[in-house]
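One letter stands for each residue in the lines below.
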Amino acid sequence: MAQPTNDIRLNQVGFYPVAQKKAIVVGEKGAEFFLRDLKTKKVIFKGKLGPVLKSPYSGKKSRVADFSSVQKVGKYVLEVSSLGVSYPFEIKNEIHKSVATAAIRGFYYQRASVALPEKFAGKWARAAGHPDDKILIHPSAASPERPAGTVMSSPRGWYDAGDYNKYIVNSGITMGTLLSVYEDFPVYFKNLKTNIPESQNAIPDLLDEVLWNLRWMLTMQDPADGGVYHKLTNPRFDGMIMPDACKNPRYAVQKNTIATLDFVAVMAQASRVFKVYEKQLPGLSDSCQIAATRGWGWVQKNPAVLYNQNEMNTKFDPDVVTGGYEDKDGSDELIWAAAEMYITTKDENYLKNISFETDKPMPLPSWSQVKALAYYTIIRHEKQLGPVDQQYLRSIKNTVLNFSDDLLKNLDNQPYQTVMGKVAKDFAWGSSAVAANQGIALIQAYKLTKDKNYLNAALSNLDYILGRNATGYSFLTGFGSKQVMHPHHRPSIADGIVEPVPGLLSGGPNPGQQDKCEGYPNKFADESFVDADCSYASNEIAINWNAPFVYLAAAIEALSYK
Ligand SMILES: [Ca+2]
Ligand SMILES: [Ca+2]
């Protein structure tokens, strides 16, 4: 077989038999395409390439090869005579199960304070790092009960990203997204095993994974007053070394309003999710609810304490220069926390004096903007709402549907036929997660309406992430013929294994190119990606990017195109 061309862009993992199937052929050469069965070597389908489309960013031309009518299970390549053959791909049911499972396992590989034995981690087995059983209260976090330098224990949690620190704000959206995919598709997760140390217990593996970070988060609440520390961090980033080689002291840093609200939302949601596992996890659900209530109480007394790292560093030592996660607007975190508290406790007092802001367009979720998570939660639990909330509910549904309808507009004219990338701002830092979060919104719209256009559009973004994009890369490590090999991820850099840790979502194109790394092909928004470990701006990984990917891939599997 000839060397595959990178000019045929498609989901390099594959397709469901009855779903849409599209490849994008770069350039204007050729008119026809063929689908060849790799087993029989026979051409089983011929089609005509669609009209020429153009990237609004690069002006580059492309055409669509639509082979949706092919439903036969098998392994194939797509061929265009003048160009060559595509990467091989499969058509089969549950085509994204391995992808969804690997992305959940991506969190296992991020576990702090524990060794990853070969039985579960394969060749990426590693020693334990960052026990975090003796961390220090940073002067910014000092209180009468815990003066600066007090030692506390705060083990477990996931490493946040390519670095080894643990941040409450970014844990907020990450945990909310993972708990939400569980709440939306509990049956799917009931029997999904991810080969982790807890795979033999009676708790779904996704929730076991969530527990690893939940237990850490619980330690980040000041027991004296209910406020929550911003992060557990080194003063400076560790070098590109393995976790067990890291010996720097670590600190709990300044309590603040937004971190506490994120914590409240997560604990409230976790409380109701874990309630049915009271037998396996006695007291956990109650502990989460108590922690949430105490956090809420702290916020009532401290409604506007922001985290400003530079300002903090002028007042306290040591200076802390790791991820800031500085959010200036806590109004969305307040809405999210209130919604989770209300759904968990049924106490309408949590909604008092809070506007859901449904007169404004829904903002796409990100670490600093979590309002949509409140909408999703309200919709998910609509049956529990009292009559007084029906007007809220209607306007929230309309806001989510309006957002999703905008995503559907003009889809056929897009050069890659994906929702992702219609507007330049989609190519933000962590653009792969933009694609995944758009997919989540579309899944919500599909759940509300059962209109398949939403589901197909969500799938288009999964196709985008797995190869149908202007870079030609599959952005999930371990998957695809042209996969990301050099993510900005300390263990992947330092472990001496050729392949990066699998199941991690690379950030994706980001024309900001803030890392000034060498090797970016150009400045075009949809191509601003370099598979190099220096590229924290386009090729880092992060828990808040992996989580929406887990949601998208698992939801599409659960809703199964069968
Ligand atoms: Ca389990
Ligand atoms: Ca915010």
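Residues numbered from 1 in each chain as written. Chains lettered and ligands numbered in written order. Predicted model: local features only at pLDDT ≥ 70, side-chain atom pairs only at ≥ 80, totals over all residues. Heavy atoms only, no water.

### Description of the coordination of the calcium ion (ligand 1)
Each pair of donors in an ideal four-coordinate tetrahedral metal site encloses 109.5 degrees, whereas pairs in an ideal six-coordinate octahedral site enclose 90 or 180 degrees. For clarity, the threshold we go by: Donor atoms (N, O, S) are those found within 2.8 Å of the metal centre, with the cutoff raised to 3.2 Å for Na, K and Ca; water is not part of the atom list, so apparent gaps in a site can occur. Comment: elements are numbered from the N terminus, with helices defined as DSSP H or I runs of at least four residues and strands as E runs of at least two. With a 1.4 Å probe rolled over the protein chains alone, any residue whose accessible area is under 20% of its type maximum counts as buried; one over 50% counts as exposed, and the rest are partly exposed.
Protein-derived ligands of the calcium ion (ligand 1) are Glu198 (O), Asn201 (OD1), Ile203 (O), Asp205 (OD) and Asp208 (OD), with the metal-ligand distances lying across 2.2 to 2.5 Å. We note that the donor set of the calcium ion (ligand 1) lies within a single chain, spaced as E-x2-N-x1-I-x1-D-x2-D. Taken together, the residues span about one helical turn, with Asp205 and Asp208 both in helix α5 (residues 205-219) at a distance of three residues. No difference in accessibility class separates Asp205 from Asp208, as the two residues are buried.

### Here's the deal with the nonpolar core
We count it as follows: The criterion is simple. A nonpolar core is a set of buried Ala, Val, Leu, Ile, Met, Phe, Trp, Tyr and Cys residues joined through side-chain atoms within 4.5 Å. A contact between two residues is defined here by any heavy atoms of the two lying within 4.5 Å.
Within the largest apolar cluster, 137 residues are counted, with the highest numbers of intra-cluster contacts made by Phe189, Leu214, Phe274, Ile465 and Phe549. In contact with Leu214, not counting residues within four places along its chain, are Met175, Val266, Met267, Ala270, Phe274, Leu284 and Cys288. Listed in part, the 17 residues of the second largest apolar core include Ile8, Phe45, Tyr76 and Ile91.

### Quick word on the sheet that holds strand β6 (residues 53-54)
Here is the rule: Two strands qualify as a pair provided that DSSP identifies no fewer than 2 bridges between them.
Across the sheet, which stays open at both edges, the four strands sit in the order β1-β3-β7-β6 with antiparallel pairing between neighbours. If you trace the sheet from one side to the other, it starts and ends with β1 (8-9) and β6, each paired once. The pairing of strand β3 (residues 22-26) with strand β7 (residues 61-66) spans five bridges and is classified as antiparallel. Across the sheet, the residue bridging to Ile24 is Val64, located in β7.

### Side note on helix α10 (residues 371-380)
Taken across its ten residues, α10 has ten buried, putting it largely inside the fold. All buried positions along α10 are accounted for by Lys371, Ala372, Leu373, Ala374, Tyr375, Tyr376, Thr377, Ile378, Ile379 and Arg380.

### What to know about the coordination of the calcium ion (ligand 2)
At this site the calcium ion (ligand 2) is bound by Asp327 (OD), Asp329 (O), Asp332 (OD), Asp332 (OD), Glu333 (OE), Glu333 (OE) and Ser368 (O), with donor distances of 2.3 to 2.8 Å. Considered as a linear motif, the donors of the calcium ion (ligand 2) on their single chain read D-x1-D-x2-D-E-x34-S. On the criterion of sequence distance, the pair formed by Glu333 in helix α9 (residues 331-345) and Ser368 in the loop between α9 and α10 is long-range, its members being 35 residues apart. Looking at Glu333, the relative accessible area reads 0%, which means it is buried.

### Here's the deal with the state of the cysteines
Stated precisely, the cut-off is as follows: Disulfide: a pair of cysteine sulfur atoms within 2.5 Å of each other.
Tallied over the entire structure, the rule returns one disulfide. One disulfide in the model links Cys517 with Cys534; its S-S distance is 1.6 Å. Note on the Cys517 and Cys534 pair: the S-S dihedral is about 60°, so by sign convention the disulfide is right-handed. Residue Cys517 is found in the loop between α14 (490-494) and α15 (543-558), and its partner Cys534 is found in the loop between α14 and α15; the two are separated by 17 residues along the sequence. Judged by relative accessible area, Cys517 falls into the buried class, the value being 10%.

### Side note on the layout of surface pockets
We count it as follows: Grid points spaced at 1 Å over the protein atoms alone were grouped into cavities, where a 1.4 Å probe fits but cannot get out, and pockets, open sets with protein on both sides within 12 Å along at least five of seven lines, with lining residues defined by an atom within 4 Å of a point. Grid points are joined across faces, edges and corners, and a volume is the space filled by probe spheres set on the points. Classification convention: Asp, Glu, Lys, Arg as charged; Ala, Val, Leu, Ile, Met, Phe, Trp, Tyr, Cys, Pro as nonpolar; all other residues, Gly among them, as polar.
Its boundaries defined by the atoms lining it, the largest pocket holds a volume of some 1000 Å³. Around the largest pocket sit 37 residues that line it, and Ser366, Ala428, Trp429, Gly430 and Trp545 are the ones nearest its centre. It is helix α12 (residues 431-449) that provides the largest number of residues to the lining of the largest pocket, a total of four residues. Grouping the amino acids of the lining of the largest pocket by side-chain chemistry returns 20 nonpolar, nine polar and eight charged.

### Remarks on the packing of aromatic side chains
Defined as follows: Here is the rule: rings of Phe, Tyr and Trp (six-membered ring for Trp) pair when centre to centre is within 6.5 Å. Planes less than 30 degrees apart are stacked, more than 60 are edge-to-face, and the remainder are tilted. Counted as over-ring charges are cases with an Arg CZ or a Lys NZ within 6 Å of the ring centre that also lie within 35 degrees of the ring normal.
Throughout the structure, instances matching the rule amount to 22 aromatic pairs. Between the aromatic rings of Tyr57 and Phe427, the centroid separation amounts to 5.4 Å while the plane-to-plane angle is 85°, which identifies the pairing as edge-to-face. Here Tyr57 is found in the loop between β6 and β7, whereas its partner Phe427 is found in the loop between α11 (390-408) and α12, with 370 residues between them in sequence. Residue classification places Tyr57 among the buried residues on the basis of a relative accessible area of 19%. Given the relative accessible area of 6%, Phe427 is considered buried. Where Tyr188 meets Phe189, the ring centres are 5.3 Å apart and the plane angle is 85°; that geometry is what we call edge-to-face. Looking at Phe189, the relative accessible area reads 1%, which means it is buried. Feature note: the residues Phe15, Phe67, Tyr76 and Phe89 constitute an aromatic cluster, connected by ring pairs. In this structure, Lys447 packs its charged tip against the face of Phe185, placed 4.8 Å from the ring centre. One Lys or Arg, Lys482, reaches over the ring of Tyr473 and ends 4.5 Å from the middle of that ring.

Geometric descriptors of this kind do not, in isolation, establish any biological role.
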